[in-house]
There are 2 protein chains.
Amino acid sequence: MGKTEMICDCDIIHKDIVDSVRNKLIDEDVLLSMADFYKILSDSTRIKIINVLYEAELCVCDISVLLNMTKSAISHQLRNLREMNLVRARKQGKEVYYSLSDDHIRKVFDMTREHIEERANETEC
Amino acid sequence: MGKTEMICDCDIIHKDIVDSVRNKLIDEDVLLSMADFYKILSDSTRIKIINVLYEAELCVCDISVLLNMTKSAISHQLRNLREMNLVRARKQGKEVYYSLSDDHIRKVFDMTREHIEERANETEC
DNA sequence: TTGACAATTGAACAGCTATTCAACTATACT
DNA sequence: AGTATAGTTGAATAGCTGTTCAATTGTCAA
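These remarks concern the structure in this document. (Residues numbered from 1 in each chain as written. Chains lettered and ligands numbered in written order. Predicted model: local features only at pLDDT ≥ 70, side-chain atom pairs only at ≥ 80, totals over all residues. Heavy atoms only, no water.)

Section: the sheet that holds strand E1 (residues 58-59) of chain A
Residue and element names in this part refer to chain A.
Right, so step 1: If you trace the 3 strands from one edge of the open sheet to the other, you get E1-E3-E2, paired in antiparallel fashion. Unpaired on one side and paired on the other, E1 and strand E2 (87-92) mark the two borders of the sheet.
Right, so step 2: Summarising the sheet, E2 and strand E3 (residues 95-100) pair through 6 bridges and their orientation is antiparallel. Paired with Val 87 across the bridge in E3 is Leu 100.
Right, so step 3: Where helix H5 (residues 71-83) meets the sheet, it contacts E2 and E3, and its direction lies at approximately 120° from that of E2. (Pairing = 2+ DSSP bridges. Helix = DSSP H or I, 4+ residues; strand = E, 2+ residues; numbered from the N terminus. Contact = heavy atoms within 4.5 Å. Axes fitted to C-alpha atoms, helices over the stretch in contact; angles between N-to-C directions.)

Comments concerning helix H4 (residues 60-67) of chain B
Residues and elements named next belong to chain B.
Right, so step 1: Taking burial as the measure, the 8 residues of H4 include 8 buried ones, the bulk of the element.
Right, so step 2: Among the residues making up H4, those that are buried are Val 60, Cys 61, Asp 62, Ile 63, Ser 64, Val 65, Leu 66 and Leu 67.
Right, so step 3: Positive phi shows up at Asn 68, right after H4, with a value of about 55°. (Buried < 20%, exposed > 50% of the residue type's maximum accessible area, 1.4 Å probe, protein only.)

Topic: the protein's contact with DNA strand D
Right, so step 1: The environment of DNA strand D is formed by 30 residues, the closest being Asp11(A), Thr45(A), Ser72(A), Ser75(B) and Tyr98(B).
Right, so step 2: Near the protein, meaning within 4 Å, the atoms of DNA strand D are sugar or phosphate in a fraction of 69%, with bases accounting for the rest.
Right, so step 3: Measuring from a phosphate oxygen of DNA strand D, one finds a side-chain N or O atom of Arg79(B) at 3.3 Å.
Right, so step 4: In this structure, Val96(B) approaches DNA strand D through a main-chain N or O atom, which is 3.0 Å from a phosphate oxygen.
Right, so step 5: Contributions of two or more residues to the surface near DNA strand D are made by helix H3 (44-55) and H5 of chain A together with H4, helix H5 (71-83) and strand E3 (95-100) of chain B.
Right, so step 6: Classifying every residue of the surface near DNA strand D by side-chain character gives 9 nonpolar, 9 polar and 12 charged. (Near = heavy atom within 4 Å. Polar contact = N/O pair within 3.5 Å; in protein donor to acceptor, adjacent residues only side chain to side chain. Nonpolar A, V, L, I, M, F, W, Y, C, P; charged D, E, K, R; others polar.)

Structural notes on the packing of aromatic side chains
Right, so step 1: Within this structure, the stated rule accounts for 5 aromatic pairs over all chains.
Right, so step 2: Between Tyr54(B) and Phe109(B) the ring centres are 5.5 Å apart and the planes differ by 40°, which places this aromatic pair in the tilted class. Note that Tyr54(B) is positioned in helix H3 (residues 44-55) and Phe109(B) in helix H6 (residues 104-122), a separation of 55 residues in sequence.
Right, so step 3: Tyr54(B) sits in the partly exposed class, given a relative accessible area of 22%.
Right, so step 4: Every member of this aromatic cluster is reached through a ring pair, and the members are Phe37(A), Tyr38(A), Phe37(B) and Tyr38(B). (Phe/Tyr/Trp six-rings, centres within 6.5 Å; stacked < 30°, edge-to-face > 60°.)

Structural data, given as structure tokens:
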């Protein structure tokens, strides 16, 4: 019964609990998308870009100065953020201005920030 | 004035905007902690572990069966999750039972899930 | 048209990380 | 004590990813 191939070599599996949990699991595609969503925010350069765009619409040049990184490095990461629909681009003359694509990312950002700063206070003791 | 070393080679920097943004930026340590927080959730195996522990306290064996992965792989990732205080371990006899360490991770998980599923609906058209 | 510059792109490289494998620890049972 | 099993650990490997560098595109101005 169950999987044809069992990688695990255990005897003590709590069959009833395992079966119960299995029925409640989230669809794997959704889980993978969630992981991808977190992944895009898990890089220090990208989170810094989100942070500066949180405050204003900026061109690649401005972001480069604020982060003290090359335009190339910034441009590569902006591409990733754009592909995940976290930022949008607006071209005006030679420059391209970037901004956060919607308010959802702001909420996620705020929430995580609060979480981190709470944790920082907790560990003070 | 400004940084001693300028990596960026731009001329058109919007000095007023850049200065204004710079004053509002979040402390770098907090940003790095936020990135680390996202990083721990950005792996498919870890997010699956969170998902199963969301439903019940489980031993390593149970998790291995549910994810169809070796105990070693699961154990390595549980270690990462433990170090980030996302899960806690309770030893009972030979087995070690894992559970989510608090409700905060549940809220973050729920929120992201909603976000992903909304996005999935939007892109249906 | 020519020159200058903002921005993008692709290839290469270096650093990181998840899984595998084997060895090991700890606990329970006989 | 001896055996079996749950779980952990460290080293090695393979795959992924962020930055750099050089080349290129697109736009503006003379």
